[in-house]
Each structure stands twice: as structure tokens, then as C-alpha cells.
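Notes for the structure review
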Amino acid sequence: MPTITRLGLQLPNFNYPDVPAEKLFGHLSEIAATAEASDFDSLWVMDHLHQIAGVGPETNWMLEGNTILGAFAARTERLALGLMVGGVTYRNPALLAKITTTLDIISGGRAILGIGAAWFEGEHLAYGFEFPPLKERFERLEDALNILRTMFTQEQATYEGTRHSVRGAYNYPRPIRGDIPIMIGGSGEKKTLRMVAQYGDACNIFGDVAQIRHLLGVLDDHCERLGRDPAEITKTRLGTVIIGTTAEEAGAKAEFLRRLTPNMPEERRRAMQIVGDPDTVAEKADALFEAGLDGLLVNLPDAHNLETVALVGETLGRVVGARF
């Protein structure tokens, strides 16, 4: 399967200055259009029911992920669309296969299935979802990966799993490309990256250059053991870009964000953020590609500003164009 994405924009926040609820989708559509015109090739939203720590208060707005992706599909022409990433505990895997295939049909073959083991216990408890122990969540994830691939590619799906099964399930109409790429999110070395090597078309990991090199080495080891060519897997990293026309402007934005998220550990903040003027952002992004990545997924604290979206897309697009 070809590279799934080189440069993606994630929208984790839906509270924008002077944008009331009745104007929200219109503004989101403008963001998507700007991204599509500015060298981004994919668009992502989180799979949460209320806002998470580090992004905003729980009472901030949160749109249901697959629903808004379907709306984006009707307003865009080129961007691939996916959850970053779906929680396996929130949907029956067979239903998820149908939902994602529907997105693929609406978008003309642009759906990506993003999935992970889920982590937000408080959200599960608040909305009545079971939050099983980690071992069971990984069992559910492995069953889901098998069911999803089978339903995407087979005339009729049958799979007997530990936690989930399907028996003669249909998935018509079929995905437009005959399959839908599966991205597995998370940096767990023993289970998550093993599942990437065994089942995934793409992975999304976290960290700075040193951590990226380490995790991709772990993934290579899993691939070697399982007889998988690691070049078949698109390797991406999600992080925050804080850009300004000058270093001073970017630094001021970063300080403002720091005040909004005072509980985020500084080590994690440094590992997740790229801060600087366009030349600095490009240099830091290029170092991440040099570490072995195939794509970057970024979120922007000021994504509501269309000029910022365009500047980041054009800046990182030049990096991607020069490298690939």
C-alpha cells in the first residue's frame, strides 16, 4: 500500500474566538479548505466525547469524530480523512467497519481507519462505556484489527476472536479502493508496535528525534521477527506546531499556550512541540523525517487563523517536497 500521508492537520479543539455554534461548521470548512490548498494531504480529528486535559477544559465543545469526518468529506476533494485515533472500546468493530466504509464512499475513497487501545478512563465512566483492564483492551484491539481487515476485503466476513466475533457479516458497498488503510496509534513497544508490524498500514507515535529513532528501531525488530517489510508501513508522528513570522512571535504564542496548560509536564511539552519561525520549524521537521518518519501530523493552537494554517502547510510542504 502506498504512503498514506506525508502531512496531516489534526483539529483537537472546536472552541474558536468569535465563532458561535451556528457558525462552527462553516469555519471548520474554511480551515479544511485552507489545509487542502496549502500542501496538507490529510485531516484528522480526535475520538473523544469531551475535551481532554492539555487541550482545554472538559466543558469545551467536542464533536463526534466520524460524523464530522463525513461532513468534511462532502466539503473537500483531496484530503484523506481519519480519527487520530479511534478508541477500540467505543464501537463494536463490525459497526466501525461499516461506519468507516460509509466515510470511504462519501469521500470517494479517502477514508483512513485510525484505531488504538483507548486510554481515557474518566470519559468511559462518564458516558457509560466499559473500561476493561489494559490486557483486555489489547485483546479487543487485536480482534478489531482482524474484523476490520476481513470486512474491508472479504465478500463475507467470519472471524472468531477472544472478545469480538463476526459470523457471515456483509459490508456492501465495498471500500472504493478494495481496502481501507489502517493506522494504529500509540508508542507501546511490546504490544502496540507488534500489532503495527502484524496488521497495520501505518502507525502514529510520539516523541522527540531520539525517541522516534528508538521506536522505529523497535518496530523494525517486530517486522523482522514477523517477516514484514517495514517499508510497507507509513510511519507518522503527531505533535504541535507553534509558528510565527518571527521567533519572538512564536515564543509569545508558546508562552500563552503554556499558561493555558499549566499542568502539562515540561519534558512532554518539549517532546511534542515545534516552536519557531518558518525556517526553524522547517529545520526541526526535517530532523524528524531524517529520524525515519514518512509523515508528520500536526495540530495548531491557533488553527482558527487561516493564515497560520496556510503558513504551516506551505512551510512543511516545502520540507516534504524536498525530501520526497
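Everything that follows concerns the structure shown earlier in this document.
Figured I'd write up the structure that's included with this text. (Residues numbered from 1 in each chain as written. Predicted model: local features only at pLDDT ≥ 70, side-chain atom pairs only at ≥ 80, totals over all residues. Heavy atoms only, no water.)

Here's the deal with the packing of aromatic side chains
To describe a pair of aromatic rings, you give the distance between the ring centres and the angle between the ring planes. Filter applied, for reference: Working definition: a ring pair exists when centres of Phe, Tyr or Trp rings (six-membered ring for Trp) sit within 6.5 Å. Plane angles under 30 degrees give stacked, over 60 give edge-to-face, the rest tilted. Numbered from the N terminus, helices here are DSSP runs of H or I no shorter than four residues, and strands are runs of E no shorter than two. Buried means the residue's accessible area, taken with a 1.4 Å probe over protein chains only, is under 20% of the maximum for its type, while exposed means over 50%, and partly exposed covers the values in between. Placement of a positive charge over a ring is assigned whenever Lys NZ or Arg CZ falls within 6 Å of the ring centre and within 35 degrees of the normal to the ring plane.
This model, assessed by the stated rule, comprises five aromatic pairs. Measuring from centroid to centroid gives 6.4 Å for Phe-25 and Phe-72, while their planes differ by 40 degrees, and the two rings are tilted. Here the residue Phe-25 occupies a position in helix H1 (residues 21-36), and Phe-72 occupies one in helix H2 (residues 65-75), the gap between them amounting to 47 residues. A residue is classified by how much of its surface remains accessible, and Phe-25, at 28% relative accessible area, is partly exposed. For Phe-72, a relative accessible area of 0% translates into the label buried. When the ring centre of Phe-324 is taken as reference, the NZ or CZ atom of Arg-6 above it lies at 3.7 Å.

Quick notes on empty space enclosed by the protein
Keep this limit in mind: Cavities and pockets are found on a 1 Å grid laid over the protein atoms alone: a cavity is a set of points where a 1.4 Å probe fits but cannot escape, a pocket is an open set with protein on both sides within 12 Å along at least five of seven lines, and a lining residue has an atom within 4 Å of such a point. Grid points are joined across faces, edges and corners, and a volume is the space filled by probe spheres set on the points. When residue character is reported, Ala, Val, Leu, Ile, Met, Phe, Trp, Tyr, Cys and Pro are called nonpolar, Asp, Glu, Lys and Arg charged, and the others, Gly included, polar.
Considering all chains together, one arrives at two cavities of 30 Å³ or more under this definition. Approximately 40 Å³ is the volume found for the largest cavity. Contributing to the lining of the largest cavity are Asn-66, Leu-69, Leu-81, Gly-82, Leu-83, Thr-100, Leu-103, Ile-112, Leu-113 and Gly-114. Listed by contribution, the elements that provide at least two residues to the lining of the largest cavity are H2, strand E3 (80-83), helix H3 (93-107) and strand E5 (111-116). Here the residues of the lining of the largest cavity sort into six nonpolar, four polar and no charged.

Brief notes about the nonpolar core
The following threshold applies: Here the nonpolar core consists of buried residues drawn from Ala, Val, Leu, Ile, Met, Phe, Trp, Tyr and Cys, with membership extended through side-chain atoms lying within 4.5 Å. Contacts are assigned to residue pairs that have any heavy atoms within 4.5 Å of one another.
Residues Leu-9, Leu-11, Phe-72 and Ile-115 are the most contacted members of the largest nonpolar core, which totals 83 residues. A total of eight residues in this core trace back to one element, the largest contributor, which is helix H5 (residues 134-153). Excluding residues within four positions of it along the chain, Phe-72 makes contact with Leu-11, Phe-25, Leu-28, Ser-29, Ala-32, Leu-43, Val-45 and Leu-81. In this structure, Trp-44, Met-84, Ile-112 and Ala-202 belong to the second largest nonpolar core, which totals nine residues.

Quick notes on the pattern of salt bridges
Rules: What makes a salt bridge here is a side-chain nitrogen of Lys or Arg within 4 Å of a carboxyl oxygen of Asp or Glu, nothing more.
Scanning the entire structure with this criterion turns up 18 salt bridges. The closest approach of N and O atoms between Glu-136 and Arg-140, which form a salt bridge, is 2.9 Å. With Glu-136 and Arg-140 both in helix H5 and four residues apart, this pair spans about one turn of that helix. Comparing Glu-136 with Arg-140, the two get one shared label, buried. Salt bridges sharing partners connect three or more residues here, namely Glu-130, Lys-135, Glu-136, Glu-139, Arg-140 and Arg-163.

Overview of the environment of Ile-31
Within the secondary structure, Ile-31 sits in helix H1. When its relative accessible area of 0% is taken as the criterion, Ile-31 is described as buried.

A look at the side chain of Glu-139
Topologically, Glu-139 is positioned in helix H5. Here Glu-139 falls in the buried class, since its relative accessible area comes to 18%. Among all residues touching Glu-139, those that are not within four sequence positions of it are Thr-162 and Arg-163.

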